[in-house]
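# An overview of the molecular structure
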Amino acid sequence: MEGLLLAAGAGRRMGVPKALVSDEAGSWLVRGVEILRDGGCARVTVVLGAEAARARSLLGALEVEVAVADD
């Protein structure tokens, strides 16, 4: 099974790009990837947009494919 995590939004209403949102439990981006893996996704693709370089750094050693939606 494959998972697709859409995290390209600018998050204007949140004040921070969606891929950079975090709370006391950590990064929503990382948590999203982990949830997809725990749900049985052997392959995960993450779509980034706003602040893609910063968001990509949050993924660290997680083995995911990254696609960047420039607009």
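Whatever comes next refers back to the structure up there.
Residues numbered from 1 in each chain as written. Predicted model: local features only at pLDDT ≥ 70, side-chain atom pairs only at ≥ 80, totals over all residues. Heavy atoms only, no water.

Moving on, we get to the overall build of the chain. For the chain, the helix and strand inventory stands at 2 helices and 5 strands. Secondary structure elements in the chain, listed N-terminal to C-terminal, are β-β-β-α-β-α-β. Taken against the 2.2 N^0.38 rule, which gives 11 Å for 71 residues, the C-alpha radius of gyration of the chain at 11 Å falls within 12% of a compact globule. Projecting the C-alpha coordinates of the chain onto the three principal axes gives extents of approximately 30 × 30 × 20 Å. Relative to its 71 residues, the chain shows a buried fraction of 34%. When contacts within the chain are restricted to residue pairs at least 6 apart in sequence, long-range pairs at least 24 apart make up 54% of them. Working note: accessible area of the chain is about 4700 Å², and carbon and sulfur atoms make up 51% of it. Across the chain, the centroid of the 8 positively charged side chains sits 5 Å from that of the 10 negatively charged ones. (Helix = DSSP H or I, 4+ residues; strand = E, 2+ residues; numbered from the N terminus. Rg over C-alpha atoms; globule rule 2.2 N^0.38 Å. Buried < 20%, exposed > 50% of the residue type's maximum accessible area, 1.4 Å probe, protein only. Contact = heavy atoms within 4.5 Å. Areas by Shrake-Rupley, 256 points an atom, 1.4 Å probe, with all protein chains shown as cover. Lys, Arg positive; Asp, Glu negative; His and termini not counted. Charge placed at Lys NZ, Arg CZ, Asp CG, Glu CD.)

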